[in-house]
Each structure stands twice: as C-alpha cells, then as structure tokens.
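Read off the chains here:
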Amino acid sequence: DDMEVVRVMARSKDGTQVPVNIIRKKGTQLNGQNPTLLYGYGGYGISQEPGFLGPSRRVWFDAGGVYAVANIRGGGEFGEDWHANGALTHKQNVFDDFAAAAQLLIDQHYTSPEHLAVRGGSNGGLLMGAMITQHPDLFRAVVSDVGIYDMLRVELDPNGQFNTTEFGTVKNQDQFNALYAYSPYHHVVDHTVYPAVLMQTGENDGRVNPMQSRKMTARLQAANSSDHPIYLITTSAAGHGIGSPLSVTVGQIADYTAFLFDQLG
C-alpha cells in the first residue's frame, strides 16, 4: 500500500520512445540522490513487466531504493517488429534504449550516476557487458548474471548454435561485423575507470559457458583504473539459474543485494 508505479518514456538514440516503469515508495523525493536499480533484458521477444516480487525487493524499497524496468527493443512488448529491431544486426538498438532509460532516470532527478545501478542476466548479461564498455561513467554499480560477453566465440559452444537466430553468426559477414562492433569483451579498454561490477555464474551452466564470465571478469580487472571492485562469484551447485535450490537462490540474492548496498552507500 505504500508503493506506486509510474510509467515514463525515454527517447532512444534513433528517436524511438522506450517505456520505463518506475516502482517507488509514495512520497519519493526527486532530488537526484535515490539509490536506483534499473533492470533490462531485451531479447528473444520476451516482455518485461514491473513487479513487486516479494521480500528481496521489499528490502530495497525499505532502504529508500527506487526500482525501474525498461521495456527495450528485443523484447515482445510491441510485437515482433519490436523484437526484430533488437536482434541480429539491430542489436545495438537494445543497448541504446537501455542507456536512454538510465539517462532519463538521471534527467528526471530520480538518481545520479553515483547512485545508479543496473542489473541483467543471460541475454541481459550481454546488455550489462555493453553498458560497462559503452557507458562506463553512467553507472556506479553493475550486477550481471550468467552473461555472454565474447560474441565471437559464443556459438562455438553447443547451446550457442541455437542462439544464432537471435544474435547472428560469425559466418555471415554483416552479422560478424555487428557482433564485433558491440562484443563487450573486445571493447574493454585498458586504463579505463569502470564501475563496480559483480558477475555471478554457475559451474554447471549448460546455456552460457561460465568461461564467458571468467574471462570478462579477468579482462575488466586487468583494465580497470578505478578503485571500484570487479567481482566474480561462481556457484558450484548452480547452472543457468532455472531450477536452482532455494538456498542457492537466496544466497545469490543476498550477495548482489549486499554488493549494491555497499557500493551505493
């Protein structure tokens, strides 16, 4: 009863209007100081909906946090065209949409880069990798779960073959050019001030090779010139997240929540 949801529209790089759903406590002050967590996915035609989702988010709200969900391209919120405009050689639109959503939260004084965190997993982990490399100064902290970061090698894994319909293949010249243009691993730059990063993966992930998280973490640690930590947590009893034991799921939520509380003060 103490919560409310508002929907605002962010203007993406190409002018596309992108819905951003903001869940906040009633009476939230727009002073640019609210710790804010922005979530996104942007793939496979999967629509994202705002939700309260029980105790873990209650902790966030009770600490004064704002939570936002961006309905970026690649999802299915506006039909197949919305999905297609965020897939294959149009994948950069996904990243531009999410960055626009983050900028809107700053422009409307919900938060500031020092108080803004972002989170995504799997295909949303790729989104997080792109945010880290394309907009390292826009966020204070990033939580990326079971993500894909080396887009030139992902299809070498057995399950990667099934994902070429979404991302494309290195065997097609145009698709290779698009993949290489945004592949997060290939765009980490030495001596860059990166935000704090927490990556989580499962030792038994059959969907996304945990190698992806390991090598991206190592590359960021080597390149980072800030004091912000770059962490990796590998869970031996987990895979891609689906069907994980309750104890594992609770532990992972506790880890990333503690990380965000620490980094956002």
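Placed above this text is the structure.
> I would appreciate a short explanation of the environment of Val188 in the present structure.
Examined against the element boundaries, Val188 turns out to sit in the loop between helix 6 (173-182) and strand 7 (196-202). Linking Val188 and Thr164, residues 24 residues apart in sequence, is a C-alpha distance of 23 Å. Beyond its immediate chain neighbours, meaning those up to four positions away, Val188 contacts Thr133, Tyr194, Met216, Arg219, Leu220 and Ala223.

> Looking at this structure, I do not really get the side chain of Arg119. What am I missing?
Looking at where Arg119 falls in the secondary structure, it is placed in strand 5 (residues 116-121). Side chain to side chain, Arg119 and Tyr256 meet in a polar contact 3.5 Å long. If near-sequence neighbours (up to four positions away) are discounted, Arg119 is found in contact with Leu37, Leu38, Tyr39, Gly40, Met128, Val143, Asp145 and Tyr256.

> Please explain helix 8 (residues 246-263) as it appears in this structure.
Within an α-helix, residues lying three or four positions from one another point in the same direction, as the helix has 3.6 residues per turn. Taking 1.5 Å as the rise per residue, helix 8 with 18 residues should run 26 Å; its terminal C-alpha atoms sit 26 Å apart, in good agreement. Restricting attention to buried positions, one finds in helix 8 the residues Val248, Tyr256, Thr257, Phe259, Leu260 and Gln263. Summarising the axial view, the buried residues of helix 8 lie within an arc of 160°, below the 170-degree limit, and thus occupy one face. Residues of helix 8 that are exposed and point more than 90 degrees away from the buried face comprise Leu246, Ser247 and Asp262. Residues of helix 8 that are buried make contact with strand 3 (36-39), helix 1 (55-62), strand 5, strand 6 (141-145), strand 7 and strand 8 (230-235). Phi for Gly265, located one or two positions after helix 8, is positive at around 75°.

> Please clarify how the nonpolar core should be interpreted in this entry.
Within soluble globular proteins, side chains that are nonpolar tend to cluster in buried spots. If you look at the biggest cluster of nonpolar residues, it comprises 49 residues, and the most contacted ones within it are Leu38 and Phe98. Broken down by element, this core gets its largest block of residues, 10 residues, from helix 3 (residues 92-107). Membership of the second largest hydrophobic core comes to 17 residues, among which are Ile23, Tyr67, Ala141 and Leu264.

> It is not clear to me how the sheet that holds strand 5 should be interpreted in this structure. Could you clarify?
Strand pairing in a sheet takes place through backbone hydrogen bonds and is either antiparallel or parallel in direction. Taken in spatial order, the eight strands line up as 1-2-4-3-5-6-7-8 in an open sheet, and their pairing is mixed. What marks the edges here is a single partner per strand, and that holds for strand 1 (3-11) and strand 8. If you compare each strand with its neighbour and ignore which way they point, the axes differ by 20° on average. Bridge count between strand 7 and strand 8: six bridges; the pairing is parallel. Considered in strand 8, the bridge of Met199 is made with Leu232.

> What is the right way to read the pattern of salt bridges from this model?
Side chains that carry opposite charge are capable of pairing whenever their charged atoms lie near each other. Scanning all chains against the criterion turns up 12 salt bridges. The closest approach of N and O atoms between Arg73 and Asp97, which form a salt bridge, is 2.8 Å. Here Arg73, found in the loop between strand 4 (66-70) and helix 2 (80-84), pairs with Asp97, found in helix 3; they are 24 residues apart in sequence, far enough to count as distant. Each of the two residues, Arg73 as well as Asp97, counts as buried. Where Asp145 meets Arg119, a salt bridge forms, and the shortest distance between an N and an O atom there is 2.8 Å. Linking Asp145 in strand 6 with Arg119 in strand 5, this pair joins segments that are 26 residues apart in sequence.

> Looking at this model, I keep getting lost on the packing of helix 1 against helix 8. Mind explaining?
Helix-helix packing: each pair is described by the crossing angle between the helix axes and the interaxial distance. The geometry of helix 1 relative to helix 8 is characterised by a closest axis approach of 11 Å and an angle of 10° between their N-to-C directions. By the criterion of interaxial angle, the relationship of helix 1 to helix 8 is roughly parallel. Mapping the contact onto sequence places Ser56, Val59 and Trp60 in helix 1 and Ile253, Thr257, Leu260 and Phe261 in helix 8. Class assignment of the residues belonging to the contact of helix 1 with helix 8 gives a composition of five nonpolar, two polar and no charged.

How each quantity is defined
- Every residue gets a number counted from 1 within its own chain, in the order that chain's sequence is written.
- Restriction of local features to residues with pLDDT of at least 70 applies here, the model being predicted, together with a cutoff of 80 or more for giving and counting side-chain atom pairs; totals for whole chains, interfaces and linings are based on all residues.
- Neither water nor hydrogens contribute to the side-chain values; these are computed over all heavy atoms in the structure.
- Each helix corresponds to a stretch of at least 4 residues labelled H or I by DSSP, and each strand to a stretch of at least 2 residues labelled E; elements are numbered beginning at the N terminus.
- Note on contacts: a residue pair is in contact if any heavy atoms of the two residues lie within 4.5 Å.
- Distance and chemistry together define a polar contact, namely a pair of N or O atoms within 3.5 Å, with one atom able to donate a hydrogen and the other to accept it when in protein, and with adjacent residues in sequence counting only for side-chain atoms on both sides.
- To estimate how far a helix should extend, the number of its residues minus one is multiplied by 1.5 Å.
- For the exposure calls, accessible area comes from a 1.4 Å probe over protein chains only, and a residue counts as buried if that area is under 20% of its type's maximum, exposed if over 50%, partly exposed in between.
- In this description, one arc is meant: the one made by directions from the helix axis to the C-beta atoms.
- To define a nonpolar core, start from buried Ala, Val, Leu, Ile, Met, Phe, Trp, Tyr and Cys residues and group those joined through side-chain atoms within 4.5 Å.
- Two strands pair if DSSP finds at least two bridges between them.
- Only the stretch in contact is used when fitting a helix axis, every axis being a line fitted to C-alpha atoms; angles between N-to-C directions are given from 0 to 180 degrees.
- Any carboxyl oxygen of Asp or Glu that lies within 4 Å of a side-chain nitrogen of Lys or Arg is treated as forming a salt bridge with it.
- By the definition adopted for this analysis, an angle is roughly parallel if under 35 degrees, roughly antiparallel if over 145, roughly perpendicular if from 65 to 115, and oblique otherwise.
- Under the scheme applied, nonpolar residues are Ala, Val, Leu, Ile, Met, Phe, Trp, Tyr, Cys and Pro; charged residues are Asp, Glu, Lys and Arg; polar residues are all the others, including Gly.

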